[in-house]
Amino acid sequence: MTTNQPIGIFDSGVGGLSVWETVREHLPNENYIYLADSKNAPYGSKSKEHITELSIANTKYLLNLNCKMIIVACNTATTNAIASLRSTFDIPFIGIEPAIKPAAVNSKTIGVLATKGTLTSDLFLEHPVKENDEITIVEQVGKGLVEMIEKGETNTTEMKALLSDLLRPMLEKNIDALVLGCTHYNFLKEVLVELLPSHIELWDAREAIAKRTAYILDQNQIRNHSKQQGITRVLTNKRDTAIQNFVGDNIIVELIEKD
Ligand code: DGL
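Reading the values: rules and limits
- Residues numbered from 1 in each chain as written.
- Predicted model: local features only at pLDDT ≥ 70, side-chain atom pairs only at ≥ 80, totals over all residues.
- Heavy atoms only, no water.
- Near = heavy atom within 4 Å.
- Polar contact = N/O pair within 3.5 Å; in protein donor to acceptor, adjacent residues only side chain to side chain.
- Helix = DSSP H or I, 4+ residues; strand = E, 2+ residues; numbered from the N terminus.
- Expected span 1.5 Å × (residues − 1).
- Buried < 20%, exposed > 50% of the residue type's maximum accessible area, 1.4 Å probe, protein only.
- Pairing = 2+ DSSP bridges.
- Axes fitted to C-alpha atoms, helices over the stretch in contact; angles between N-to-C directions.
- Contact = heavy atoms within 4.5 Å.
- Right-handed = clockwise from strand over helix to strand, strands pointing away.
- Salt bridge = Lys/Arg side-chain N within 4 Å of Asp/Glu carboxyl O.

1. What to know about the site of the ligand
Taken together, 13 residues surround the ligand, and among them S12, Y43, G44, T76 and H184 come closest. The separation between an oxygen atom of the ligand and a polar side-chain atom of S12 is 2.6 Å. Contacts to the ligand include G44, whose backbone N or O atom sits 2.8 Å from an oxygen atom.

2. Looking at helix α8 (residues 157-172)
Between its first and last C-alpha atoms α8 spans 22 Å; for 16 residues at 1.5 Å apiece the expected length is 22 Å, and the two agree. For α8, every residue scored as buried is listed here: M159, L163, L166, L167 and M170. Phi for N174, located one or two positions after α8, is positive at around 60°.

3. Notes on unusual backbone geometry
For the bond from A41 to P42, the omega torsion is 0°, close enough to zero to count as cis. Mapped onto the secondary structure, P42 falls in the loop between β2 (32-36) and α2 (48-64). Positive phi outside glycine occurs at Q221, with the angle close to 55°. Within the secondary structure layout, Q221 lies in the loop between α10 (206-219) and β9 (232-236).

4. Topic: the sheet that holds strand β5 (residues 109-114)
Read across the sheet, four strands follow the order β6-β5-β7-β8 without closing on themselves; strand pairing throughout is parallel. Each edge of the sheet is formed by a strand with only one pairing partner; in this case those strands are β6 (136-141) and β8 (201-203). Going across the sheet, the axis of each strand differs from the next one's by a mean of 20°, ignoring polarity. Pairing of β5 with β6 involves six bridges; the strand directions are parallel. Bridge pairing in β6 links G111 to V138. Contacting β5, β6 and β7 (177-180), α8 runs over the sheet at an angle of about 155° to β6.

5. Some points on the environment of K143
As for its position among the elements, K143 is in the loop between β6 and α7 (145-150). Sequence separation between K143 and T115 is 28 residues; the distance between their C-alpha atoms is 7.2 Å. Excluding its chain neighbours within four sequence positions, the residues that come into contact with K143 are L162 and L166.

6. Points about the sheet that holds strand β1 (residues 7-11)
Sheet strands line up and pair through hydrogen bonds in the backbone, either parallel or antiparallel. One open sheet accounts for six strands, arranged β4-β3-β1-β2-β9-β10; its pairing is parallel. Each end of this open sheet is capped by a strand with a single partner; those strands are β4 (93-95) and β10 (254-255). Across five bridges, the pairing between β2 and β9 is parallel. Looking at β9, one finds that A36 is bridged to T236. Most of the contacts of α2 go to β1, to which it runs at about 150°, and overall it touches β1, β2, β3 (69-72), β4 and β9. Across the face of the sheet, helix α3 (residues 75-88) comes into contact with β1, β3 and β4 while running at roughly 165° to β4.

7. What to know about the side chain of K258
With respect to the helices and strands, the residue K258 is situated in the segment after β10. When neighbours within four sequence positions are excluded, K258 is seen to be in contact with L35, D37, K39, N40, A57, N58, Y61 and N237.

8. Regarding the environment of W203
Mapping W203 onto the fold places it in strand β8. For the pair W203 and N29, spaced 174 residues apart in sequence, the C-alpha separation works out to 27 Å.

9. Section: the pairing of β2
For β2, the buried fraction is high: five of the five residues fall into the buried class. Side chains of β2 alternate between two faces, with Y32, Y34 and A36 and I33 and L35 buried alike. Relative to β2, β1 runs parallel, the two being bridged by five bridges. Note that in β2 the partner of I9 across the bridge is Y34. Remark: the β1/helix α1 (residues 17-26)/β2 crossover connection has right-handed handedness.

10. Remarks on the pattern of salt bridges
One side chain can pair with another of opposite charge once the charged atoms of both are near each other. With the rule as written, the count across this model stands at ten salt bridges. Of the charged contacts in the structure, one is a salt bridge between E254 and R233, with a shortest N-O distance of 2.7 Å. Highlighted residues: E254 in strand β10 and R233 in strand β9, separated in sequence by 21 residues. Each of K189, D204 and R206 takes part in a single network of salt bridges with overlapping partners.

What follows is the structure in structure tokens.
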């Protein structure tokens, strides 16, 4: 293993790019390969078995490209497949889960907006905060959101209408915090700030993931100590997606063959 090998990151599509941005801010000298399994998006409505199969295929693809560790930048894949990934591959994995724990420090009624796959996973159902009688969790499946975000529709009238419908039941239950339990939803922050009363705090796990990545790199002695800014490659297996809009002009998204 050499330290300049890339860190592999995958998600069902563009969502994990929001994680990559934060990780790269913390670790600018690392090289990254981001794999958007856009052809198979969304993951959120698939079975645990199917999500695990896709996560294993993504990991194999990234390992063939010589990645030294993998960030599963997808709550759905993490909550359904991280145990299988860890038992199948002998490399460090970092997963992302809804940031309920930090939200629970100051909140009594926490809204969790996530995919069906995340909200029905054992990891979520057995979350320790659920044992705490003083805290109420209000769950909401973000039905339809990922499909729109994949098309680049993060701030349209249709998006605002859909989000308002999804937020209503949570607002009726007086949530005082909202956890964005799907990495795609990080791209909705601007609209959410507009739609939500200002006392509702928004939570996501990106900072925690970036810190954890730095820790795991050091623990495994695989941190890249180069003084130069690293390189990122972004790959997708679907033609005609809006992914290029999410990465800016400096990176040209590569189209790959992968089922
Ligand atoms: N971005 C993903 C997540 O964090 C998955 C969205 C999907 O494909 O349904 O859950």
